[in-house]
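Now for the letters of each chain:
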Amino acid sequence: MCPFQASASTISKAGEQSDVKVFRNAEGEKYVDLGKKKRAAVRSFKGQVFADIREFYGPDGGEKPGKKGISLTFEQWEALKRSVNTIDSLFAEQGKK
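Scope of this entry: the structure provided in the associated data block. (Residues numbered from 1 in each chain as written. Predicted model: local features only at pLDDT ≥ 70, side-chain atom pairs only at ≥ 80, totals over all residues. Heavy atoms only, no water.)

Notes on the overall build of the protein chain
Alright, step 1. In terms of helices and strands, the protein chain carries two helices and eight strands.
Alright, step 2. Each helix (α) and strand (β) of the protein chain, taken in turn from the N terminus, gives the series β-β-β-β-β-β-β-β-α-α.
Alright, step 3. Of all 97 residues assigned to the protein chain, the portion counted as buried reaches 14%.
Alright, step 4. Within the protein chain, residue pairs in contact and separated by at least 24 positions form 10% of the contacts whose partners lie at least 6 positions apart.
Alright, step 5. If you sum the accessible surface of the protein chain, you get close to 7700 Å²; carbon and sulfur atoms cover 56% of it. (Helix = DSSP H or I, 4+ residues; strand = E, 2+ residues; numbered from the N terminus. Buried < 20%, exposed > 50% of the residue type's maximum accessible area, 1.4 Å probe, protein only. Contact = heavy atoms within 4.5 Å. Areas by Shrake-Rupley, 256 points an atom, 1.4 Å probe, with all protein chains shown as cover.)

Here you go:
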């Protein structure tokens, strides 16, 4: 089954409208497509909730999760969000912005 768009927009913490699309896979899990077969999702595993950023492989509509990825606890996710401006600056230093 092909993934389908669940929502065309979300509301950010500040209440601003965002153009981030949320999709749902064949199993009903919601995810955000990051491009180039990479996705971000929130999943439960062994009683804990993680932000999962993972690479997928396979034909469109039949993608499967690959080994390449990272699962962050809520605390790690919060630390990453607090670091966004610093990471943006590091990208700029490297001439990638």
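Further notes follow.
Notes on the pairing of strand β8 (residues 64-72)
Alright, step 1. Pairing of strand β7 (residues 48-57) with β8, which is carried by six bridges, proceeds in the antiparallel orientation. Each residue of the ladder has a partner; that of Ile53, found in β8, is Ile70.
Alright, step 2. Remark: six residues form the turn of the hairpin made by β7 and β8, two consecutive strands paired antiparallel; Gly58 in that turn has positive phi of roughly 105 degrees. (Pairing = 2+ DSSP bridges.)

Focus: a nonpolar patch on the surface
Alright, step 1. Together, Phe74, Trp77, Leu80, Ile87, Leu90 and Phe91 make up an exposed nonpolar region whose accessible area comes to about 550 Å².
Alright, step 2. Of all the secondary-structure elements, those providing two or more residues to the nonpolar patch are α1 (74-82) and α2 (84-93).
Alright, step 3. You can see Leu80 is positioned in helix α1.
Alright, step 4. When its relative accessible area of 34% is taken as the criterion, Leu80 is described as partly exposed. (Patch = residues over 30% accessible without salt bridge, like charges linked within 9 Å, V, L, I, M, F, W, Y side chains within 5 Å. Salt bridge = Lys/Arg side-chain N within 4 Å of Asp/Glu carboxyl O.)

Observations regarding the environment of Phe50
Alright, step 1. Take Phe50: it is sitting in strand β7.
Alright, step 2. Of the residues examined, Phe50 reaches a relative accessible area of 16% and is grouped as buried.
Alright, step 3. Along the sequence, Phe50 and Ser71 sit 21 residues apart, while their C-alpha atoms lie 5.7 Å from each other.

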